[in-house]
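Observations on chain architecture
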Number of protein chains: 6
Amino acid sequence: MPLVEIHMVEGRTEKQKKAMLDGVTEAIRDSLGVPLTSIRVWIQEFSSKDFMIAGELYINRKE
Amino acid sequence: MPLVEIHMVEGRTEKQKKAMLDGVTEAIRDSLGVPLTSIRVWIQEFSSKDFMIAGELYINRKE
Amino acid sequence: MPLVEIHMVEGRTEKQKKAMLDGVTEAIRDSLGVPLTSIRVWIQEFSSKDFMIAGELYINRKE
Amino acid sequence: MPLVEIHMVEGRTEKQKKAMLDGVTEAIRDSLGVPLTSIRVWIQEFSSKDFMIAGELYINRKE
Amino acid sequence: MPLVEIHMVEGRTEKQKKAMLDGVTEAIRDSLGVPLTSIRVWIQEFSSKDFMIAGELYINRKE
Amino acid sequence: MPLVEIHMVEGRTEKQKKAMLDGVTEAIRDSLGVPLTSIRVWIQEFSSKDFMIAGELYINRKE
């Protein structure tokens, strides 16, 4: 039954995101013993200019 | 005073989204008896490739 | 398919919250034309000391 | 770097929740190839009376 | 350690958003006395057509 | 108009949380130039057992 919201900087490939959604879904199922049908996982992306870590913009940390 | 966040796959028309925001606002007002001025409702959209239901990508379920 | 998260100060009765969840669910179904089975709505409550509106704590506004 | 918010009905044991947090963290690390240090996962719980699935309160579905 | 999610209508300049992220990060550090390294702040934007205040679309209020 | 959701481990004093809400509200007002009346800030707390940083439970990191 968990509803999982992943906040993340945009830029990952479809393949990476699919693998992440698969892995998170399986981790929920295995740890809680809930049926797959009850699990929802989604990604809310934002720009690397819209994320600040430790007082620094994410876009600048990557350089 | 409720703050309502609607997570949804992108692709609905403006008309549908307006009707949804209207309906949710009215449902909150009528059930709680709060003034319209205190209600906020917003939509956070994501791609159908970024949403997994029951272990399957939403984009594939629609085919 | 929408996933609706309602942020709200605690203190409403079970009956009020049930009416609100019913009303929001119906508003989503009617405006988007999606099946009831695809809709999820939940309430995340917080203390009236943990909410600031217009620069004032909510608990103080109610006095 | 993902920030993962898990919305879930209260009532799981500490052990189950720890296993879930471990599993989700590992799934993120393995799928995206990001360092463990960049990952945050947290649980926001709510009452089974505050969650409606498919037009029915969760607390009633479990009976 | 706080994780701060700012929901906001799109359209602000990069400079304004950077100033906001800076200001919020500093406010958290100063009020709680936590190290900068533990703070995360991000912006989730949405369209002015996807936000309803007091029963009115935000895009219409601005006219 | 921003809606600010602060995810945080429970345990801070009322005074600290009030200072944080004040500071964040002012930072938003000053950086964006929006009126105080349009700003909402709230805290969603969770247990230190429900938060994992870098693969470790927060409750264990503090020891």
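Everything here concerns the structure above.
One structure accompanies this document, and this report is about it. (Residues numbered from 1 in each chain as written. Chains lettered and ligands numbered in written order. Predicted model: local features only at pLDDT ≥ 70, side-chain atom pairs only at ≥ 80, totals over all residues. Heavy atoms only, no water.)

Looking at the interface of chain F and chain C
Tallying the contact residues gives 16 residues for chain F and 13 residues for chain C. Both faces combined, the contact of chain F with chain C buries some 1200 Å², and carbon together with sulfur accounts for 57% of it. Of all residues in chain F, R40(F), W42(F) and Q44(F) give up the largest surface area on contact with chain C, accounting jointly for 34% of the area buried on that side. A salt bridge links D50(C) to K17(F), with the nearest nitrogen and oxygen atoms 3.1 Å apart. Across the contact surface, chain F and chain C share 6 residue pairs in polar contact (both at pLDDT 80 or more). The set of elements that each furnish at least two residues to the side of chain F that touches chain C consists of α1 (14-32) and β2 (40-46) of chain F. (Contact = heavy atoms within 4.5 Å. Buried area = accessible area lost by both parts, 1.4 Å probe. Salt bridge = Lys/Arg side-chain N within 4 Å of Asp/Glu carboxyl O. Polar contact = N/O pair within 3.5 Å; in protein donor to acceptor, adjacent residues only side chain to side chain. Helix = DSSP H or I, 4+ residues; strand = E, 2+ residues; numbered from the N terminus.)

Section: unusual backbone geometry
All names here are of chain C. In this structure, A54 takes a positive phi of about 55 degrees despite not being glycine. Along the chain, A54 turns up in the loop between β3 (51-53) and β4 (56-57). On the basis of relative accessible area, A54 is assigned to the buried category, the value being 18%. (Buried < 20%, exposed > 50% of the residue type's maximum accessible area, 1.4 Å probe, protein only.)

Description of the environment of V24(F)
Within the secondary structure, V24(F) is located in helix α1. Residue classification places V24(F) among the buried positions, given a relative accessible area of 0%. The spatial distance from the C-alpha of V24(F) to the C-alpha of S47(F) is 23 Å, given a sequence separation of 23 residues. With residues up to four places along the chain from it excluded, the contact list for V24(F) reads V24(E), A27(E), I28(E), V4(F), I6(F) and V41(F).

Describing the sheet that holds strand β3 (residues 51-53) of chain A
One key point about sheets: their strands pair by backbone hydrogen bonds, in either a parallel or an antiparallel sense. Read from one edge of the open sheet, 8 strands run β4(A)-β3(A)-β2(E)-β1(E)-β1(F)-β2(F)-β3(C)-β4(C), paired in mixed fashion. Looking at strand neighbours, the two that pair on one side only are β4 (56-57) of chain A together with β4 of chain C, the edges of this open sheet. Across 5 bridges, strand β1 (residues 3-9) of chain E lies against strand β1 (residues 3-9) of chain F in antiparallel orientation. Bridging across to β1(F), E5(E) finds its partner in E5(F). Strand contacts of helix α1 (residues 14-32) of chain E: β3 and β4 of chain A, β1 and β2 (40-46) of chain E together with β1 of chain F, with the helix running at about 140 degrees to β2(E), the strand carrying the most contacts. Across the sheet, α1(F) lies against β3 and β4 of chain C, β1 of chain E together with β1 and β2 of chain F, angled at about 140 degrees from β2(F), the strand it touches most. (Pairing = 2+ DSSP bridges. Axes fitted to C-alpha atoms, helices over the stretch in contact; angles between N-to-C directions.)

Details of the interface of chain D and chain A
Contact residues are listed per partner, giving 23 residues for chain D and 23 residues for chain A. The largest per-residue losses of area from chain D upon contact with chain A belong to M1(D), L3(D) and L32(D), which jointly make up 29% of the total buried on that side. Along the contact surface separating chain D from chain A lie 0 salt bridges. Taken together, the links from chain D to chain A amount to 7 residue pairs in polar contact (both at pLDDT 80 or more). A per-element tally of the side of chain D that touches chain A places helix α1 (residues 14-32) of chain D first, with 9 residues.

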